[in-house]
Amino acid sequence: MSETFVGMPAFPPPAYPAFPKAAHEAVNNPTLRGNLRHATHTIRAKRAKAVAEVSDWAALREAGKQIKDHTLRHLDRYLVQLEESVTRAGGTVHWAADADEANRIVADLVKATGEREVVKVKSMATQEIGLNEALEAEGIHAYETDLAELIVQLGKDRPSHILVPAIHRNRGEIRDIFAREMSAWGRPAPEGLTDTPAELAEAARLHLREKFLRAKVGISGANFMVAETGTLVVVESEGNGRMCLTLPETLISVVGIEKIVPTWQDLEVFLQTLPRSSTAERMNPYTSMWTGTTDAETADGPRTFHLVLLDNGRTDTLADQVGRQALRCIRCSACLNVCPVYERAGGHAYGSVYPGPIGAILSPQLRGTASEIDASLPYASSLCGACYEVCPVAIDIPEVLVHLRERVAQGGQVTRRGNKVVLKPAKGHAAERAAMRAARWALSHPGALRTGQRIASRTRRLHPRALPGPGKAWTGSRDLPAVPAEPFRDWWQRTHGGKDSGK
């Protein structure tokens, strides 16, 4: 079975431009670049200091990698164990193969309560599937309660960072959004609101408090799910998440199937590495854990709990032996804060709820590479390797990027909705494929390679300083490497008496 793209992607590919075009607009926005540079450099420096305090950081990193890899290898077993544990604790588990099914499940659960509004704690999985829009189509209003997500929602914007979704906004812009939009969503912003952090936070607190007190339904994600107990874990810095998790009578959690860990002991590793890698804290200010439901009206926690386990392309990603390591991700955002490409282009250029280096390898696997944006994401990197160095679960992002570039340029076998299919090479990569074929031929013919090297050395004075045609952009920002006066093999033969002349 062979065609350009077989089957539907895990969720509909966005109508966003390719990364180079979107990034070109972003790098010409001085306000955006200033916001990103200040925020990423600040977070990066704090993270480095927090990690340096831990003498066994390398061991914790390796432990996190091993736990995640073990869990992914036995995901079927642990998911069944999780379902049994959640059910035993009074919860109900639902399985969603894709975005449409997950949205339908959640909408039906909310409508069954008779409610027409819900409060949400930050969940990238619900952003991934477009849950807010799906609920709105059913007449249900979803209110974001994380401060940064509130800013994005009020500003009719899109998130641009995993940890700080409104990183592209400065304080003055946030003040203007609050003053202009809050009244349409609930309690208006105070008169004379300034851009000081304390006043902005107080305005958000007052606006959200009335929603928390009247909400009967909450929707959340989860950072981790513990298979042996059915416990879900949310880590945050504000406390809004805990309000959303404990006050509503009904709680619906939408969580990707890769967020599972086998035991409480495994959780210990990630509660050390996640806060230091994300917020540069030794421990998250709020770590909320809940198991099932509570019967007492005076007790904290939901009386009805539903867990929606989301696939949406994850098992297809799991089938890729190289690409599956992206599923280790614990959403710390450390890779974004060190990435020179993200710092200059911003999160919106990635056309996904998952921006930065991790988004460049995760989105094309979850959605496929049929769309213009997804085919371009594996190239949204300099391959400097800084992302790998800071990843707390040792995801080799450069390795996966190169792997996905090969998929885009060469095509090949992939898994889509559980079926093995063959992708044709994407358009626009003919020159790249020709260059790779030429290189493969030259490297497999030593005589031709040696002749080519000698010709290149003897004509080096005639070589241009910049490449023509498609290569012009590459040499527009860097020097073309100079060809040496003598090939290495000739030098070796001359200086070592030809001892390797037969090689």
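Residues numbered from 1 in each chain as written. Predicted model: local features only at pLDDT ≥ 70, side-chain atom pairs only at ≥ 80, totals over all residues. Heavy atoms only, no water.

S.K.: What should I look at first to understand the confidence of the model for the chain in this one?
M.R.: Note that predicted coordinates carrying low pLDDT should not be read in detail. Mean pLDDT over the chain works out to 91, with 96% of the residues at or above the 70 mark. Contacts for the low-pLDDT stretch residues 1–13, under 50 throughout, to residues beyond four places or in other chains number 37 contacts. (pLDDT = per-residue confidence, 0-100. Contact = heavy atoms within 4.5 Å.)

S.K.: Looking at this model, I keep getting lost on the sheet that holds strand β4 (residues 141–144). Mind explaining?
M.R.: Pairing between the strands of a sheet comes from backbone hydrogen bonds, and it takes one of two forms, parallel or antiparallel. On the basis of which strands lie adjacent, the open sheet formed by 6 strands has the order β2-β11-β8-β5-β3-β4 and parallel pairing. Strands with a single pairing partner mark the edges of an open sheet, and in this sheet they are β2 (92–96) and β4. Averaged over all pairs of adjacent strands, the angle between their axes in this sheet comes to 25°, without regard to strand direction. Across 4 bridges, strand β3 (residues 117–120) lies against β4 in parallel orientation. Opposite E117, over in β4, you have H141 as the bridge partner. Along the sheet face, helix α5 (residues 99–113) touches β2, β3, β5 (217–220), β8 (250–256) and β11 (304–310) and points at about 145° away from the line of β2. (Pairing = 2+ DSSP bridges. Helix = DSSP H or I, 4+ residues; strand = E, 2+ residues; numbered from the N terminus. Axes fitted to C-alpha atoms, helices over the stretch in contact; angles between N-to-C directions.)

S.K.: Even after reading the chapter, I still don't get empty space enclosed by the protein, so can you show me in this structure?
M.R.: To find leftover empty space, a probe the size of one water molecule is rolled over the atoms. Inspection of every chain in the model, using the stated rule, returns 3 cavities of 30 Å³ or more. If you add up the space inside the largest cavity, you get close to 100 Å³. Residue lining of the largest cavity: 15 residues in total, with C329, C332, C335, C391 and P392 positioned closest to the centre. Here the lining of the largest cavity is composed, by residue class, of 13 nonpolar, 1 polar and 1 charged. Each pocket or cavity is described by its volume, and for the second largest cavity that value is around 60 Å³. Forming the boundary of the second largest cavity are C339, P340, P357, S381, S382, L383, C384, G385 and C387. Looking at the lining of the second largest cavity, its residues break down into 6 nonpolar, 3 polar and no charged. (1 Å grid on protein atoms, 1.4 Å probe; cavity = no way out; pocket = protein on both sides within 12 Å on 5 of 7 lines; lining within 4 Å. Points joined across faces, edges and corners; volume = space filled by probe spheres on them. Nonpolar A, V, L, I, M, F, W, Y, C, P; charged D, E, K, R; others polar.)

S.K.: Could you clarify how one ought to interpret the sheet that holds strand β9 (residues 260–261) in this entry?
M.R.: Read across the open sheet, the 4 strands follow the order β9-β6-β7-β10; overall the sheet is mixed. With partners counted over all chains shown, the strands left at the sheet margins are β9 and β10 (286–291), one partner each. Pairing geometry for strand β6 (residues 224–226) and β9, over 2 bridges, is parallel. Looking across to β9, one finds that M225 is bridged to I260.

S.K.: Help me understand the pattern of salt bridges in this model?
M.R.: Oppositely charged side chains are able to pair whenever their charged atoms sit close together. For the structure shown, the criterion picks out 24 salt bridges. Residues R367 and D374 are paired through a salt bridge, measuring 2.6 Å at the closest nitrogen-oxygen approach. The class for R367 is buried, based on a relative accessible area of 3%. The residue R454 makes a salt bridge to D490 at a minimum N-O spacing of 3.0 Å. With R454 in helix α21 (residues 446–458) and D490 in helix α23 (residues 488–495), this pair connects stretches of sequence that are 36 residues apart. In this structure R454 comes out as partly exposed when scored by relative accessible area, which is 29%. Through salt bridges with shared partners, a single network forms among E128, E258, R314 and R331. (Salt bridge = Lys/Arg side-chain N within 4 Å of Asp/Glu carboxyl O. Buried < 20%, exposed > 50% of the residue type's maximum accessible area, 1.4 Å probe, protein only.)

S.K.: Sorry, what's going on with the nonpolar core here?
M.R.: A general trend in soluble globular proteins is that nonpolar side chains are found buried together. Counting 101 residues, the largest nonpolar core has F19, F178, L307 and I361 as its most contacted members. Aside from chain neighbours lying at most four places away, what touches F19 is V341, A345, A349, Y350, I373, S376, L377 and A380. Of all hydrophobic cores here, the second largest spans 21 residues; its members include A107, V118, V254 and V308. (Core = buried A, V, L, I, M, F, W, Y, C linked by side-chain atoms within 4.5 Å.)

S.K.: Hey, could you run me through the packing of aromatic side chains in this one?
M.R.: The geometry of an aromatic ring pair is captured by two quantities: the separation of the ring centres and the angle between the planes. Summed over all chains, the structure comprises 8 aromatic pairs. Linked through ring pairs, F19, Y342 and Y350 together constitute an aromatic cluster. Cation over ring: R61 sits above Y388, and NZ or CZ is 4.9 Å from the ring centre. Over the aromatic face of Y78 sits the side chain of R77, whose NZ or CZ is 4.7 Å from the ring centroid. (Phe/Tyr/Trp six-rings, centres within 6.5 Å; stacked < 30°, edge-to-face > 60°. Lys NZ or Arg CZ within 6 Å of the ring centre and 35° of its normal.)

S.K.: So what exactly am I meant to see when it comes to the side chain of E149 here?
M.R.: Positionally, E149 belongs in helix α8 (residues 147–154). Its relative accessible area of 4% is what places E149 among the buried residues. In contact with E149, not counting residues within four places along its chain, are K122, Q127, E144 and P165.

S.K.: Sorry if this is basic, but what is going on with helix α12 (residues 264–278) here?
M.R.: Side chains three or four residues apart in an α-helix point the same way, a direct result of the helix having 3.6 residues per turn. Given a rise of 1.5 Å per residue, 15 residues ought to cover 21 Å, and the 21 Å separating the end C-alpha atoms of α12 matches this to within 8%. Just downstream of α12, A280 is the residue with a positive phi angle, here 60°. (Expected span 1.5 Å × (residues − 1).)

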